[in-house]
Amino acid sequence: MLHPERGGLLAWGCTRGSDVLCWDASVSEDPDEWTVVVRHSGAVPGSGLLDCHRYDLTLTDYLRHTVRDTWELPSPPGPLLGPLPGTVARTAFLPDAEPWTPPEPVPPRLTDAERRVALESGTGLDALRLLSPPPERPYLGDGSWEGLFAELGTRLPAEYVRLMDVYGAGIWSGWLRFHTPLRTGERRFLTHVEDIVDSYRQLKDHHPEWYPLAVRPEPGGFLPFANSLDGDYLGWLTEGADPDTWPLIVWPRHADQGPPLKGGLIDTLLDWQRGTLVTHGFAALDEDDDPVEFADFRPWDDSAYW
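From a predicted model like this one, the values you see are computed outputs, not experimental measurements. (Residues numbered from 1 in each chain as written. Predicted model: local features only at pLDDT ≥ 70, side-chain atom pairs only at ≥ 80, totals over all residues. Heavy atoms only, no water.)

### Overview of the sheet that holds strand S1 (residues 9-14)
- The sheet built from four strands is open, its strands ordered S1-S2-S3-S4 with antiparallel pairing. Two strands bound the open sheet, and with one partner strand each, they are S1 and strand S4 (52-54). Within the sheet, the average angular offset between the axes of one strand and its neighbour, ignoring direction, is 30 degrees.
- Pairing of strand S3 (residues 35-39) with S4 involves three bridges; the strand directions are antiparallel. (Pairing = 2+ DSSP bridges. Helix = DSSP H or I, 4+ residues; strand = E, 2+ residues; numbered from the N terminus. Axes fitted to C-alpha atoms, helices over the stretch in contact; angles between N-to-C directions.)

### A few points about the packing of helix H5 (residues 158-167) against helix H7 (residues 265-274)
- Interaxial distance between H5 and H7 falls to 9 Å at its minimum, and their mutual angle equals 55 degrees. Taken together, H5 and H7 sit at an angle that is classed as oblique. In contact with Glu-159, Tyr-160, Arg-162 and Leu-163 of H5, H7 contributes Leu-265, Ile-266, Asp-267 and Leu-269.
- Taken together, the residues of the contact of H5 with H7 break down into five nonpolar, no polar and three charged. (Parallel < 35°, antiparallel > 145°, perpendicular 65-115°, else oblique. Contact = heavy atoms within 4.5 Å. Nonpolar A, V, L, I, M, F, W, Y, C, P; charged D, E, K, R; others polar.)

### Regarding the environment of Phe-225
- Structurally, Phe-225 can be placed in strand S7 (residues 222-228).
- Sequence spacing of Phe-225 and Pro-181 is 44 residues, and the spatial spacing of their C-alpha atoms is 8.3 Å.
- Not counting chain neighbours up to four residues away, the residues in contact with Phe-225 comprise Tyr-160, Arg-177, Phe-178, His-179, Phe-189, Leu-234, Gly-235, Trp-236, Leu-248 and Leu-265.

### Concerning empty space enclosed by the protein
- Counted according to the given criterion, the structure contains one cavity of 30 Å³ or more.
- Taken as a whole, the largest cavity spans an internal volume of roughly 40 Å³.
- Taken together, the elements giving at least two residues each to the lining of the largest cavity come down to S7 and strand S8 (233-237).
- Of the residues forming the lining of the largest cavity, the biggest block, three residues, is contributed by S7.
- Among the residues making up the lining of the largest cavity, the classes are represented as seven nonpolar, three polar and one charged. (1 Å grid on protein atoms, 1.4 Å probe; cavity = no way out; pocket = protein on both sides within 12 Å on 5 of 7 lines; lining within 4 Å. Points joined across faces, edges and corners; volume = space filled by probe spheres on them.)

### Notes on the side chain of Arg-274
- Looking at the secondary structure, you find Arg-274 in helix H7.
- Here Arg-274 occupies a buried position and makes no salt bridge, while the nearest side chain of opposite charge, Asp-271, is found at 4.7 Å.
- Dropping the residues within four chain positions of it, Arg-274 is found in contact with Val-117, Ala-118, Leu-119, Glu-120, Ser-121, Gly-122, Ala-127, Leu-131 and Pro-291. (Buried < 20%, exposed > 50% of the residue type's maximum accessible area, 1.4 Å probe, protein only. Lys, Arg positive; Asp, Glu negative; His and termini not counted. Salt bridge = Lys/Arg side-chain N within 4 Å of Asp/Glu carboxyl O.)

Printed below as a string of structure tokens:
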């Protein structure tokens, strides 16, 4: 069992022979009482085994014994690393090493009251802003919403426009990428939509049973606006004349097609950033992850492909 699991071995050094020197954190809650465990790269001398060897010695006691020819009695069984010379020198592998100064403690980003709002009681865009702070200057591109709507032949959901006006294009939690909506030129929003839809249509032509969605501009066709680092796509099913009623849906890369999502875009993002969204195509937090630590938004600029 290794750190950071409770009571796991915590490595603190190694030898030129690639033996790994660790503390055994299971012996005490007090780090000053942790004893040394050595994970040998080869067989333990005298045993013929490849194993970890435990010593009932703290770090300083262990180092004191390594510079001697023999162990003091009573001695724990096991190999000697020495005898080593009774000197200390900087290793040639770290010529620029210098004393390490621990960083100053960083206060929590949110107070306890703010955490409760961000993770539990808050709703909508206000809670999302608290959990994942937006940039001071969101990047949307050099065009206009009216120009985009004209090019697409439809307006987009007002909730999406409201979210983008606050955050702009960028990447959420290092994973979910929102296309730049108002960029003009070669890499504009419509370019991404057409590329993705064409790819889906080709796959659907060969395997319609695996790709059941209608594709734009068919009625109810899939219109993507974001994708993940894993190749999942988030978009709308353009059902009906009112974009504000379009359901969200994920086209998952590594799973079968699931149904539309139940919530709107902002609530879906909020649930995902809180770690409470369970659906195909969205990366999930581990049980011990702190959502506040992982909730993040990084904006694009005009150099980004997306």
